Amino acid sequence: MIIVLLGPPGAGKGTQGDRLSERCGLPRYATGDILREAVRLKTRLGLEAKSYMDKGELVPDEVVLGLVRDLLGSADAKDGFILDGFPRTVAQAEGLKALLEDQGRKLDAAIYFDVSEDELIRRLSGRRVCPDCGAVYNVHTEPPAVPGRCDVCGGRLETREDDKDIATLRNRLRVYRESTEPLLEWYGRDDSTLHKLYAAGSVDDVYERLLKVVGCS
Ligand code: ADP
Ligand code: AMP
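Rules and cut-offs
Residues numbered from 1 in each chain as written. Chains lettered and ligands numbered in written order. Predicted model: local features only at pLDDT ≥ 70, side-chain atom pairs only at ≥ 80, totals over all residues. Heavy atoms only, no water. Salt bridge = Lys/Arg side-chain N within 4 Å of Asp/Glu carboxyl O. Helix = DSSP H or I, 4+ residues; strand = E, 2+ residues; numbered from the N terminus. Buried < 20%, exposed > 50% of the residue type's maximum accessible area, 1.4 Å probe, protein only. Pairing = 2+ DSSP bridges. Axes fitted to C-alpha atoms, helices over the stretch in contact; angles between N-to-C directions. Near = heavy atom within 4 Å. Polar contact = N/O pair within 3.5 Å; in protein donor to acceptor, adjacent residues only side chain to side chain. Areas by Shrake-Rupley, 256 points an atom, 1.4 Å probe, with all protein chains shown as cover. 1 Å grid on protein atoms, 1.4 Å probe; cavity = no way out; pocket = protein on both sides within 12 Å on 5 of 7 lines; lining within 4 Å. Points joined across faces, edges and corners; volume = space filled by probe spheres on them. Nonpolar A, V, L, I, M, F, W, Y, C, P; charged D, E, K, R; others polar. Core = buried A, V, L, I, M, F, W, Y, C linked by side-chain atoms within 4.5 Å. Contact = heavy atoms within 4.5 Å.

Chemist: When you look at the pattern of salt bridges in this model, what are you seeing that I'm missing?
Modeler: Between side chains of opposite charge, pairing is possible as soon as their charged atoms come close. For the structure on display, the rule yields 21 salt bridges. Note that arginine 40 and glutamate 37 form a salt bridge whose closest N and O atoms lie 2.8 Å from each other. Residue arginine 40 and its partner glutamate 37 are both found in helix α2 (residues 31–41); the two are separated by three residues, about one turn of the helix. On the basis of relative accessible area, arginine 40 is assigned to the exposed category, the value being 56%. The class of glutamate 37 is partly exposed, set by a relative accessible area of 34%. Notably, a salt bridge pairs glutamate 185 with arginine 189, separated by 3.4 Å at the nearest N-O pair. Because the salt bridges share partners, they merge into one network encompassing Asp18, Arg28, Asp33, Arg36 and Asp84.

Written out as structure tokens, the structure reads:
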């Protein structure tokens, strides 16, 4: 199964994608996580991506498509995968389609996470991440058992650089509306691919709804 998780920053794609990945036994490829790791390691990719990410802009299509081409060619992608945060532009969606066609495969579902803008700001401003194991928390909605500490590995929780400043946060939402939202129309042309997921409510409630859309048992 090949699934794309679509939606604005903070909609819960990573949170739900993680659960789905475990349940379905499929790898989750989150381009944002991969780019952040590249920035941290100061690789060529990271140095290229950093200035865009700091401003809340999109990394150029050809850079991200190069990254995804490598992921799709890897052995662990052969039984399917979940893409989280990719594609983000129509050019990326077209690139993905071409890459899949080259492999004789096609996308099974694009799931759109529908959340109000007020809720997105609340989720983004409360997000905390563990730099050691990648676990994601929220001080308002999904707090760790011990404030500031990761439940999984005890790491010291951090706020993502691009979640710190309200101007960057709003810019990411603007970029989403301008560059990514057109994908709803693009994927919507084929009515069996696009699924709208009402993504307000608790993590458990959203997960329950998600499983009704992607029925991997
Ligand atoms: P995305 O990957 O779409 O940017 P995340 O999965 O990182 O979003 O979620 C953004 C923030 O909102 C995180 O702090 C997460 O803990 C929290 N969150 C995710 N889903 C929900 C939900 N259904 N209700 C409340 N908070 C949520
Ligand atoms: P995310 O973790 O998905 O919120 O992504 C964080 C940042 O990484 C974004 O604001 C972009 O700068 C960059 N990024 C992640 N995925 C993509 C993508 N598919 N295309 C372009 N830029 C991306």
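Having seen the model, we can carry on.
Chemist: In this structure, what is going on with the sheet that holds strand β7 (residues 194–198)? I would like to understand it.
Modeler: The strands making up a sheet are joined through hydrogen bonds of the backbone, oriented either antiparallel or parallel. The sheet built from five strands is open, its strands ordered β2-β3-β1-β4-β7 with parallel pairing. Looking along the sheet, the strands with just one partner apiece sit at the ends: β2 (28–30) and β7. The sheet shows a mean angle of 20° between the axes of neighbouring strands, direction not considered. Bridging between β2 and strand β3 (residues 81–84) involves three bridges; their strand directions are parallel. In the strand pairing of β3, arginine 28 is matched with isoleucine 82.

Chemist: Would you mind going over the site of ligand 1 with me for this structure?
Modeler: Surrounding ligand 1, one finds 19 residues, the nearest of these being Thr15, Arg127, Tyr137, Thr141 and Gly201. Contact distances for ligand 1 include 2.9 Å between an oxygen atom and a backbone N or O atom of glycine 14. Side-chain polar atom of asparagine 138 to an oxygen atom of ligand 1: 2.9 Å apart, as the coordinates give it. A total of 560 Å² of accessible area belongs to ligand 1 in isolation, and the protein chains cover 93% of it. Put simply, the parts of the chain that give the shell around ligand 1 at least two residues each are α1 (13–24), β6 (136–138) and α10 (203–213).

Chemist: Mind showing me how you'd approach empty space enclosed by the protein here?
Modeler: Empty pockets left among the atoms are what a rolling probe the size of a water molecule brings to light. Applying the stated criterion to the full structure yields one cavity of 30 Å³ or more. Looking at the largest cavity, the residues that line it are Leu5, Leu6, Gly7, Lys13, Gly85, Phe86, Pro87, Arg88 and Thr180. When its residues are assigned to classes, the lining of the largest cavity shows four nonpolar, three polar and two charged.

Chemist: Sorry if this is basic, but what is going on with the site of ligand 2 here?
Modeler: Around ligand 2, a shell composed of 15 residues is seen, among which Thr31, Arg36, Glu57, Gly85 and Gln92 lie nearest. At 3.0 Å from an oxygen atom of ligand 2 is found a side-chain nitrogen or oxygen belonging to arginine 88. Between ligand 2 and arginine 160 there is a distance of 3.0 Å, counted from an oxygen atom to a side-chain nitrogen or oxygen. About the coverage of ligand 2: the protein hides 95% of its 480 Å² of free accessible area. No other element matches the four residues that α2 contributes to the shell around ligand 2. Considered class by class, the residues forming the shell around ligand 2 number six nonpolar, four polar and five charged.

Chemist: Whenever I open this one, the nonpolar core confuses me. Can you help?
Modeler: Formed by 28 residues in total, the largest nonpolar core has its most connected members in Val4, Phe81, Leu96 and Tyr187. The set of elements that each furnish at least two residues to this core consists of β1 (2–6), α3 (44–55), α4 (61–72), β3, α5 (90–102) and α9 (182–188). Among the elements that take part in this core, α4 stands out by supplying seven residues, more than any other. When sequence neighbours within four positions are dropped, the list of residues in contact with leucine 96 reads Val4, Leu65, Leu72, Leu83, Phe86, Pro87 and Tyr187. Residues Ile111, Leu124, Val206 and Val214 belong to the second largest nonpolar core, which totals 23 residues.

Chemist: Explain the layout of surface pockets to me, please; I cannot follow it from the model alone.
Modeler: The computed volume of the second largest pocket comes to approximately 300 Å³. Lining the second largest pocket are 13 residues, and of these Lys97, Leu107, Trp186, Tyr187 and Asp190 lie nearest its centre. Within the residue set of the lining of the second largest pocket, elements represented by two or more residues are α5 and α9. Looking at which element gives the most residues to the lining of the second largest pocket, the answer is α5, with five residues.

The values are spatial; any link to function lies outside them.
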